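So you can see what is in the structure, the chains are spelled out below.
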Amino acid sequence: MNLVEKAKEEIVIISRKLMEEGLAFESWGNISCHPVENQVVITPSAIPYGELHYVDMVVVDLQGHIQESRWKPSSELPLHLAIYRARQDVKAIIHAHSVYAAAFAVVRREISVGLEEMAQVVGGAVPVAAYASPGSSALAEQAVKAMGKKGNAVLLASHGLVTVGKNLGEALLRCRVIERNARILLYAAFLGTPIPLEEKEINFLHNTFIHTYGRYTQNKYTAPDLNQERE
Ligand SMILES: [Zn+2]
């Protein structure tokens, strides 16, 4: 199976997981993968996550010209393409309207690093991009600007969360960790004043995770492979 076909299958798996885990809502949000040069696989517009199948995936080039499709591509295609064009290291993007991250997006407050796994997996707070209308090129521009050259996630103001990764498994893990971290920050605020980890400690935890975390000694961290994810 070539990498584009594999990406279509993985996006369907991710869609189901987002739905099962309460990270997706109806058809809002979108997923893409950039497995080979100048080809991007993205979810179609307006089809609920639970109903997505392999044949529904849309394939475009980096300028957005349709290569394969039975449906319109996601309305956030400009956002996905702008991120791939700006960041050579990004090969997968998940945009979710998950509840707790969206709450931060509504008050337009960054999601700080409350937990060690947030430091390890995301490597920093999630910034908020300036507001722009959904689907617009202005939104794409603001998201790229806020995420910068090294960020792994960004909040779209009054909208939702975007995570990126070197593969879909990594983007999914970041989505899960950020949503959980956002939920815990909210609970923590009921109990007292959340204390974010300091920048130096965040960098230490992130680097340690990248270079030494794993099941085996001597192994470097490798981004999760969806096909090996245990049910
Ligand atoms: Zn959206």
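Residues numbered from 1 in each chain as written. Predicted model: local features only at pLDDT ≥ 70, side-chain atom pairs only at ≥ 80, totals over all residues. Heavy atoms only, no water.

(A) Just the overall build of the chain, in detail. From N to C terminus, the chain includes 7 helices and 8 strands. Taken over C-alpha atoms, the radius of gyration comes to 17 Å for the chain, in line with the 17 Å a tight globule of 231 residues would show. When the backbone C-alpha atoms are referred to their principal axes, the chain occupies close to 50 × 45 × 30 Å. Burial analysis of the chain (231 residues in total) assigns 46% to the buried set. For the chain, the proportion of contacts with a sequence separation of at least 24, taken over those separated by at least 6, is 63%. When the accessible surface of the chain is totalled, it reaches about 11900 Å², and 53% of it is carbon and sulfur. (Helix = DSSP H or I, 4+ residues; strand = E, 2+ residues; numbered from the N terminus. Rg over C-alpha atoms; globule rule 2.2 N^0.38 Å. Buried < 20%, exposed > 50% of the residue type's maximum accessible area, 1.4 Å probe, protein only. Contact = heavy atoms within 4.5 Å. Areas by Shrake-Rupley, 256 points an atom, 1.4 Å probe, with all protein chains shown as cover.)

(B) Focus on the coordination of the zinc ion. Protein coordination of the zinc ion is provided by H95 (NE2), H97 (NE2) and H159 (NE2), with donor distances spanning 2.1 Å. As a motif over one chain, the donors of the zinc ion read H-x1-H-x61-H. (Donors = N, O, S within 2.8 Å, 3.2 Å for Na, K, Ca; no water.)

(C) Geometry of a nonpolar patch on the surface. On the surface, Y187, F190 and L191 cluster together into a nonpolar patch covering about 440 Å² of accessible area. Considering the arrangement of structural elements, one finds Y187 in helix α6 (residues 168-191). (Patch = residues over 30% accessible without salt bridge, like charges linked within 9 Å, V, L, I, M, F, W, Y side chains within 5 Å. Salt bridge = Lys/Arg side-chain N within 4 Å of Asp/Glu carboxyl O.)

(D) Main features of the packing of helix α1 (residues 3-20) against α6. Interhelical geometry of α1 versus α6 gives an angle of 15° and a closest axis separation of 11 Å. As summarised for this structure, α1 and α6 are arranged roughly parallel, according to the angle between their axes. Classified by chirality, the crossing of α6 by α1 is right-handed. Between α1, through A7, E10, I11, I14, K17 and L18, and α6, the contact on the second element is made entirely by L168, L172, C175 and R176. When the residues that make up the contact of α1 with α6 are grouped by side-chain class, the tally is 7 nonpolar, no polar and 3 charged. (Axes fitted to C-alpha atoms, helices over the stretch in contact; angles between N-to-C directions. Parallel < 35°, antiparallel > 145°, perpendicular 65-115°, else oblique. Left-handed = near helix turned anticlockwise from the far one by under 90°. Nonpolar A, V, L, I, M, F, W, Y, C, P; charged D, E, K, R; others polar.)

(E) The arrangement of the sheet that holds strand β2 (residues 39-42) in detail. Overall, mixed pairing links the 8 strands, which are arranged β4-β3-β2-β1-β5-β8-β7-β6 in an open sheet. Whereas interior strands pair on both sides, the edge strands pair on one side only; in this sheet they are β4 (66-68) and β6 (128-129). Pairing geometry for strand β7 (residues 153-156) and strand β8 (residues 160-165), over 4 bridges, is antiparallel. Pairing of L156 across the sheet is with G160, part of β8. The strands touched by α1 within the sheet are β1 (30-36), β2, β3 (58-60), β4 and β5 (92-96), with β1 carrying the most contacts at an inclination of about 155°. Packing of helix α3 (residues 99-107) onto the sheet brings it into contact with β7 and β8, and relative to β7 it is tilted by some 60°. (Pairing = 2+ DSSP bridges.)

(F) Focus on the packing of α3 against α6. Across the interface, α3 lies against α6 with an axial gap of 7 Å and an inter-helix angle of 65°. Here α3 lies roughly perpendicular to α6, going by the angle between them. The hand of the α3/α6 crossing is left-handed. Residue-level inspection shows V99, Y100, A101 and F104 of α3 in contact with α6, the latter providing E179, A182, R183, L185, L186 and Y187.

None of this, on its own, says anything about what the molecule does.
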